[in-house]
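Examining the three-dimensional arrangement
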Amino acid sequence: MDKSSKIYIAGHRGMVGSAIQRKLEKEGFTNFVTRSSSALDLRDQKAVADFFEQEKPDYVFLAAAKVGGIVANNVYRAEFLYDNLQIQNNIIHQSYLNDVKKLMFLGSSCIYPKLAPQPLKEDYLLTGLLEETNEPYAVAKIAGIKMCDAYRAQYGCNYISVMPTNLYGFNDNYHPQNSHVLPALIRRFHEAKEQEAPSVTIWGTGSPKREFLFADDLAEACYYLMENYNEPGLVNIGTGEDISIKDLALLVKKIIGYEGEITFDVSKPDGTPRKLMDVTKLSEAGWKYHTGLEDGIKFAYQDFLSKEGEFAQR
Ligand SMILES: NC(=O)C1=CN([C@@H]2O[C@H](COP(=O)(O)OP(=O)(O)OC[C@H]3O[C@@H](n4cnc5c(N)ncnc54)[C@H](OP(=O)(O)O)[C@@H]3O)[C@@H](O)[C@H]2O)C=CC1
Ligand SMILES: C[C@H]1O[C@H](OP(=O)(O)OP(=O)(O)OC[C@H]2O[C@@H](n3cnc4c(=O)[nH]c(N)nc43)[C@H](O)[C@@H]2O)[C@@H](O)[C@@H](O)C1=O
């Protein structure tokens, strides 16, 4: 990409899209095209076609999606399938019709089979059954990978697919029910501390293991791969290290300084028992994360505190 290239970041107000924009600005890029979902509903085929014809971006980061934690994925199953298929189909097809030079599609580690061997290698795609709570989201993400590969094979488009592990960071979603585990725990422990509550409840058994990457590190990896990687298939983006949900809760409790007990609500789903990324391909491409989990949670907590007034309204 040249510093003057016109870059469309779909989802620029979200946690990942905003991190990608910050990274590109830091690298000296200035020519961005962005639209909020209220200005451009990416599910709308005609509106997306008009937008691409008018703006003609050179490069596209596809970081717009219907996103949420385990319960949101399970409850809003139709929206997770329909919205994500529409958004990615419209953007990928219009990128082809309007000669976009390169596109990056963001998938997720949930595309792998629920009981795949660990760590998760890219080759494990489509080798087994998906986890039931997020099957609609995963099916949409798998379709996105296959779209990029099909457009590369048939039309020669340089579209690449990256699979981030579980993310957290600035501009995260702190909704009590719909968010991912880390922002949910930051908010719950913080509120329990403020209210001097005797205990905090976390969902499930606490035994599932997850890997967490700070969103600004992800944005660096996305930039690095956009500049240096041009292959079909998929690339995992993660740290290669994981932690149990119980230990994660203990770490958040310590950082926030909450002194009560932790209890477990086993009526809530555990989801996939473990999702540890094999990051060999990414390491071989030349990238490694640098923000450790404890530092990253401290940064995210500061961001939460700076926006706490907004969250109280939601
Ligand atoms: N968060 C995570 O843990 C992980 C995320 N990912 C992937 O990273 C990408 C970004 O996720 P993240 O930043 O966390 O999500 P966010 O929810 O923070 O941001 C998603 C963005 O998508 C936009 N969007 C959603 N629906 C529409 C629509 N119909 N039309 C236009 N824009 C829309 C929103 O725009 P607006 O703000 O204007 O409404 C929002 O800015 C997604 O592809 C996600 O699947 C992958 C792995 C883990
Ligand atoms: C990124 C990824 O995110 C989702 O998959 P997930 O990894 O299961 O993500 P999660 O963050 O929601 O949960 C992780 C674990 O944590 C436990 N847990 C405890 N207490 C809370 C809690 O309060 N909130 C949440 N959300 N989870 C909690 C929870 O029960 C589970 O065992 C999918 O949307 C998938 O599509 C996807 O891509």
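Given the structure is predicted, the values throughout are model-derived calculations rather than measurements.

**Section: the site of ligand 2**
- Near ligand 2, the surroundings consist of 22 residues, among which N73, S108, R188, P269 and D270 are the closest.
- In this structure, H180 approaches ligand 2 through a side-chain N or O atom, which is 3.3 Å from an oxygen atom.
- Here an oxygen atom of ligand 2 and a backbone polar atom of D270 are 2.6 Å apart.
- When residues of the shell around ligand 2 are traced back to their parent elements, those giving at least two are α3 (70–75), α6 (181–195) and β7 (199–203).
- Ranked by residues supplied to the shell around ligand 2, first place goes to α6 with three residues.

**Some points on the sheet that holds strand β11 (residues 243–244)**
- With respect to topology, three strands assemble into an open sheet ordered β11-β8-β13, the strand pairing being mixed. The sheet is open, and its two borders are formed by β11 and β13 (274–275), each paired with just one other strand.
- Inspection of the sheet shows strand β8 (residues 209–210) paired to β13 by two bridges, in the parallel sense. Directly across from R210, in β13, lies its bridge partner K275.

**A short note on the UniProt feature "binding site: substrate" (unreviewed entry) in the protein chain**
- The UniProt entry lists R188, W203, R210 and D270 under the feature "binding site: substrate" (unreviewed entry), expressed in the numbering used here.
- Looking at where R188 falls in the secondary structure, it is placed in helix α6.
- The contact partners of R188, leaving out residues within four places of it in the chain, are P176, V200, T201, I202 and W203.
- In this structure, D270 sits in the loop between β12 (261–265) and β13.
- The residues contacting D270, other than those within four sequence positions of it, are I70, G204, T205, G206, S207, P208 and R210.

**Regarding the UniProt feature "active site" (unreviewed entry) in the protein chain**
- Mapped onto the present numbering, the UniProt feature "active site" (unreviewed entry) falls on Y137.
- Considering the arrangement of structural elements, one finds Y137 in helix α5 (residues 135–155).
- Y137 has contacts with K66, N73, F80, N84, S108 and C110, leaving out every residue within four places of it along the chain.

**Notes on the site of ligand 1**
- Ligand 1 sits among 26 residues. The nearest are V16, S37, L42, Y137 and K141.
- Y137 has a polar side-chain atom sitting 2.5 Å from an oxygen atom of ligand 1.
- One of the side-chain N or O atoms of K141 is found 2.8 Å from an oxygen atom in ligand 1.
- When isolated, ligand 1 has an accessible area of 900 Å², and the protein chains bury 86% of it.
- Those elements giving two or more residues to the shell around ligand 1 turn out to be α1 (15–26), α5 and β6 (166–168).
- Its residues assigned to classes, the shell around ligand 1 comprises 13 nonpolar, nine polar and four charged.

**Some remarks on the packing of aromatic side chains**
- What the rule picks out here adds up to 14 aromatic pairs.
- Geometrically, the ring pair formed by Y96 and Y151 is edge-to-face, given 5.6 Å between the ring centres and 80 degrees between the ring planes. One end of the pair, Y96, is in helix α4 (residues 77–97); the other, Y151, is in helix α5, with 55 residues separating them in the sequence.
- Geometrically, the ring pair formed by Y96 and Y155 is stacked, given 3.9 Å between the ring centres and 10 degrees between the ring planes. Of the two residues, Y96 sits in helix α4 while Y155 sits in helix α5, which places them 59 residues apart along the sequence.
- By relative accessible area, Y96 is classed as partly exposed at 26%.
- Each residue in the set Y168, F170, F214 and F299 is aromatic and connected to the rest through ring pairs, giving one cluster.
- Positioned over the ring face of Y76 is K66, at 5.4 Å from the centre of the ring.

**Looking at the sheet that holds strand β2 (residues 32–33)**
- A sheet is described by the order of its strands in space; here six strands give the open sequence β2-β1-β3-β4-β5-β10, paired in parallel fashion. Taken across any chain shown, the strands that pair with only one partner, and hence form the sheet edges, are β2 and β10 (234–237).
- Of the strand pairs in this sheet, strand β5 (residues 159–164) and β10 are connected by four bridges, and their pairing is parallel. Of the residues in β10, the one forming a bridge with M163 is N236.

**Description of the confidence of the model for the protein chain**
- Residue-level pLDDT values for the protein chain average 97, and 99% of them are 70 or greater.
- Across the protein chain, element-level confidence peaks in strand β4 (residues 102–106) with a mean pLDDT of 99 and bottoms out in helix α11 (residues 308–312) with 70.
- Per the prediction output, this complex has pTM 0.98; the corresponding ipTM is 0.98.

**A few points about the side chain of N134**
- Turning to its location among the elements, N134 is positioned in the loop between β4 and α5.
- Under the relative-accessibility criterion, N134 is labelled buried at 11%.
- In contact with N134, other than residues within four places in its own chain, are N73 and C110.

Criteria and cut-off values
Numbers given for residues are sequential positions, taken from 1 along each chain in its written order. Each chain takes a letter, starting from A, and each ligand takes a number, starting from 1, following the order in which they are written. Side-chain atom pairs in this predicted model are given and counted only at pLDDT of 80 or more, local residue features only at pLDDT of at least 70, and totals for whole chains, interfaces and linings cover all residues. Heavy atoms from the whole structure form the basis of all side-chain values; hydrogens and water molecules are not counted. Neighbouring residues are identified by heavy atoms, a residue being near a molecule or strand if any of them is within 4 Å of it. In protein, a polar contact means a hydrogen-donor-capable atom and an acceptor-capable atom, both N or O and within 3.5 Å, with residues adjacent in sequence counting only if both atoms are side-chain atoms; elsewhere, any N or O pair within 3.5 Å suffices. Runs of H or I in DSSP of at least four residues are treated as helices and runs of E of at least two as strands, each being numbered from the N terminus. Paired strands, as defined in this entry, are two strands with at least two bridges between them according to DSSP. UniProt positions are given in the numbering used here, feature names are shortened, and annotations may be inferred rather than shown by experiment. Residue contacts follow a heavy-atom distance rule, with two residues in contact if any of their heavy atoms lie within 4.5 Å. Only the protein chains shown count as covering a residue, and every accessible area follows the Shrake-Rupley method with a 1.4 Å probe. Each residue is assigned to one class: nonpolar for Ala, Val, Leu, Ile, Met, Phe, Trp, Tyr, Cys and Pro, charged for Asp, Glu, Lys and Arg, and polar for all the others, Gly among them. Two aromatic rings from Phe, Tyr or Trp, using only the six-membered ring of Trp, form a pair when their centres are within 6.5 Å; if the ring planes differ by under 30 degrees the pair is stacked, by over 60 it is edge-to-face, and anything between is tilted. When accessible area is computed with a 1.4 Å probe and restricted to protein chains, residues below 20% of their type maximum are described as buried, those above 50% as exposed, and intermediate ones as partly exposed. Two conditions define a charge sitting above a ring: the NZ of Lys or the CZ of Arg must be within 6 Å of the ring centre, and it must be within 35 degrees of the ring normal. How sure the predictor is of each residue is captured by pLDDT, a score from 0 to 100.

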